[in-house]
Amino acid sequence: MNVMERTNHNLRINADRLWASLLDMARIGGTAGGGSNRQALTEEDARGRLLFKQWCEASGCTVSVDKLGSMFARRDGLADLPPVLVGSHLDTQPTGGKFDGVLGVLAGLELIRTLNEAGLCTRRPIEIVNWTNEEGCRFAPAMLASAAFTGELSEQAVLDTRDAAGLRFGDELTRMGLDCSTPLGGRSIAAYVELHIEQGPILEAENLDVGFVTIGQGHRWYDILLNGFESHTGSTPMNHRRDALLGAAHLIEAVNVIGKNHAPEGVASVASMRVMPNSRNVIAGEVLLSIDVRHPVQARLDEMDRDVRAAYAACLKSAGLTGTIIDISNCPPVPFDSNVLDIIREEAGHLGLKGRDIVSGAGHDAFHLARIAPTAMIFTPCRDGISHNEAEDITQEWATNGANLLLRTVLRLANEI
Ligand code: HGY
Ligand code: MN
Ligand code: MN
């Protein structure tokens, strides 16, 4: 095997093999609506992990799993230097798409398969990463394992996180029977590159091939517990009620106004809610709902935080409630590494790909990696910008272009920095 020189080589990934792997993975946890349901640490996640492990080992990688279940498939380099990491996540939303996260992990695998076929090695090792619980739908917050890997959260705090059914992250990890023996983080990384679908409409609308992600927008997640008083819907006079669901309705409307007041960059959502006792003839005594606000500028995000807290206080007053506001996550806007971005733009030029700088609306594990290593992201278009929906779709050409750009970028990083 010889080292890849920095030349204008014609090495390209195998487009059909990547596409076949994406569709094979999509069949695990496949939903009737054509999407994927492989929520973190479920049976479906376990089956997807096993398939990924088998593929990586068949490609000559050694696979290790850290204390929080993140998987690292390593291809050694000529020198024992800090590795270049490439990857994303295999876990999905309950009604997720086939490509969110999966594209970045399997494009990393395709990169290794392509190097093997070409008989090429690199100066630095390359590791493909599957981060545990990126989505944050089962265990909150999102990007949970990469946050701990980079020291943002403690290992114990993550292990003690519970899902809506009260099941503990650590117990679910043990139940999966993974050999989580690799220590969490604490090692140097040469660079991290994540390929991901845009999950928005811009690249497709502008007929572009790829996006160079310059900033990851900041976000704050909250849990809001509203406490009223359970009483009979038929016999409780309107002016004698402490209706938690009415308070929630006021808060949901106010959060939507906060998003509109900070548009077009800012967004604000209430997307999950639990009503107790949720009986049609009992005034709701308790409501638990989540708030998600995002903005690419820290000062605006701070304003949105103040607005959320004011709206929460107002809804308590308007419905005569008590309550609790819990900060689930506070992730500042993330600027990505300019040197890595320059390499991505240069290699896109060599490949003849049309691209543009773009801000990421969605959160990604790269947001945490950017704190400990030179990090950047590559976006592919996605059909009508649809994501976190079973109808999420990309073309094979978009996947191929993104994976070729990832290949060339990682080769530059593995051989030149
Ligand atoms: O919430 C997000 O942006 C990501 O999908 N976890
Ligand atoms: Mn994702
Ligand atoms: Mn997602």
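Model, not experiment: these values are computed from the prediction. (Residues numbered from 1 in each chain as written. Chains lettered and ligands numbered in written order. Predicted model: local features only at pLDDT ≥ 70, side-chain atom pairs only at ≥ 80, totals over all residues. Heavy atoms only, no water.)

A.B. asks: Just to check I follow, could you spell out the packing of helix α8 (residues 244–261) against helix α9 (residues 298–319) for this structure?
C.D. replies: The geometry of a pair of packed helices is captured by two quantities: the angle between their axes and the separation between those axes. Packing of α8 against α9 brings their axes to within 9 Å, and their N-to-C directions diverge by 155°. The orientation of α8 relative to α9 falls into the category roughly antiparallel. Considering only the axes of α8 and α9, their crossing is right-handed. Along its contact with α8, which presents Gly247, His250, Leu251, Ala254 and Ile258, the element α9 presents Met304, Asp307, Val308, Ala311, Tyr312, Cys315, Ser318 and Ala319. Across the contact of α8 with α9, the residue classes tally to 9 nonpolar, 3 polar and 1 charged. (Axes fitted to C-alpha atoms, helices over the stretch in contact; angles between N-to-C directions. Helix = DSSP H or I, 4+ residues; strand = E, 2+ residues; numbered from the N terminus. Parallel < 35°, antiparallel > 145°, perpendicular 65-115°, else oblique. Left-handed = near helix turned anticlockwise from the far one by under 90°. Contact = heavy atoms within 4.5 Å. Nonpolar A, V, L, I, M, F, W, Y, C, P; charged D, E, K, R; others polar.)

A.B. asks: Please explain unusual backbone geometry as it appears in this structure.
C.D. replies: Trans peptide bonds make up most of the peptide bonds, and negative phi angles are found at most residues other than glycine. Residue Pro264 is reached from Ala263 by a cis peptide bond, and omega for that bond is 5°. That bond from Met276 to Pro277 is cis: its omega, 5°, falls within 30 degrees of zero. Inspection of the secondary structure assignment puts Pro277 in the loop between β11 (273–276) and β12 (286–295). Positive phi, close to 50°, is recorded for Met143, a residue that is not glycine. Looking at the secondary structure, you find Met143 in the loop between β6 (126–130) and α4 (144–149). Backbone geometry at His388 places phi at a positive 55°, although glycine is not the residue there. Relative to the helices and strands, His388 is located in the loop between β16 (375–380) and α12 (396–416). Taking relative accessible area as the criterion, His388 reaches 40% and is therefore assigned partly exposed. (Buried < 20%, exposed > 50% of the residue type's maximum accessible area, 1.4 Å probe, protein only.)

A.B. asks: Just to check I follow, could you spell out the coordination of the manganese ion (ligand 3) for this structure?
C.D. replies: The reference angle at a metal is 109.5 degrees if four donors form a tetrahedron and 90 or 180 degrees if six donors form an octahedron. Looking at the metal site, the manganese ion (ligand 3) is ligated by Asp100 (OD), Glu135 (OE), Glu135 (OE) and His388 (NE2), spaced 2.2 to 2.5 Å from it. On the primary sequence, the residues serving as donors to the manganese ion (ligand 3) are separated as D-x34-E-x252-H. Between the manganese ion (ligand 3) and the manganese ion (ligand 2), a spacing of 3.5 Å is present, and a bridge between the two is formed by Asp100. In this pair, Glu135 sits in the loop between β6 and α4 while His388 sits in the loop between β16 and α12, placing the two residues 253 residues apart along the sequence. (Donors = N, O, S within 2.8 Å, 3.2 Å for Na, K, Ca; no water.)

A.B. asks: It is not clear to me how the coordination of the manganese ion (ligand 2) should be interpreted in this structure. Could you clarify?
C.D. replies: Here the manganese ion (ligand 2) is held by the protein donor atoms His89 (NE2), Asp100 (OD) and His196 (NE2), which lie 2.1 to 2.3 Å from it. Motif for the manganese ion (ligand 2), donor spacing along one chain: H-x10-D-x95-H. Exposure remark for His89: the relative accessible area of 0% places this residue in the buried category.

A.B. asks: How should I be thinking about the site of ligand 1 in this particular structure?
C.D. replies: Close contacts around ligand 1 come from Glu134, Glu135, Ala142, Met143, Trp221, Arg294, Ala362, Gly363 and His388, and that covers them all. In the model, an oxygen atom of ligand 1 is placed 3.2 Å from a nitrogen or oxygen of the His388 side chain. The protein chains hide 94% of the 220 Å² of surface that ligand 1 would expose on its own. Split into classes, the residues belonging to the shell around ligand 1 amount to 4 nonpolar, 2 polar and 3 charged. (Near = heavy atom within 4 Å. Polar contact = N/O pair within 3.5 Å; in protein donor to acceptor, adjacent residues only side chain to side chain. Areas by Shrake-Rupley, 256 points an atom, 1.4 Å probe, with all protein chains shown as cover.)

A.B. asks: Any chance you could explain the pairing of strand β7 (residues 191–197) here in plain terms?
C.D. replies: The two faces of a sheet get side chains in turn, since along a regular strand they alternate between them. In terms of burial, β7 is a largely internal element, 7 of the 7 residues being buried. Both faces of β7 are covered, namely the face carrying Ala191, Val193, Leu195 and Ile197 and the face carrying Tyr192, Glu194 and His196. Pairing geometry for strand β4 (residues 84–88) and β7, over 3 bridges, is parallel. What sits directly across from Leu85, in β7, is Tyr192. The pairing of β7 with β16 spans 6 bridges and is parallel. Its bridge partner lying in β16, Ile197 is registered against Thr380. (Pairing = 2+ DSSP bridges.)

A.B. asks: Teacher, can you tell me more about the side chain of Asp209 here?
C.D. replies: With respect to the helices, strands and loops of the structure, Asp209 is situated in the loop between α7 (202–205) and β8 (210–216). Here Asp209 occupies a buried position and makes no salt bridge, while the nearest side chain of opposite charge, Lys354, is found at 4.0 Å. A polar atom in the side chain of Asp209 sits 2.7 Å from the backbone nitrogen of Lys354. Leave out the neighbours within four places in its chain, and Asp209 touches Gly352, Leu353, Lys354, Phe379, Thr380, Pro381 and Asn401. (Lys, Arg positive; Asp, Glu negative; His and termini not counted. Salt bridge = Lys/Arg side-chain N within 4 Å of Asp/Glu carboxyl O.)

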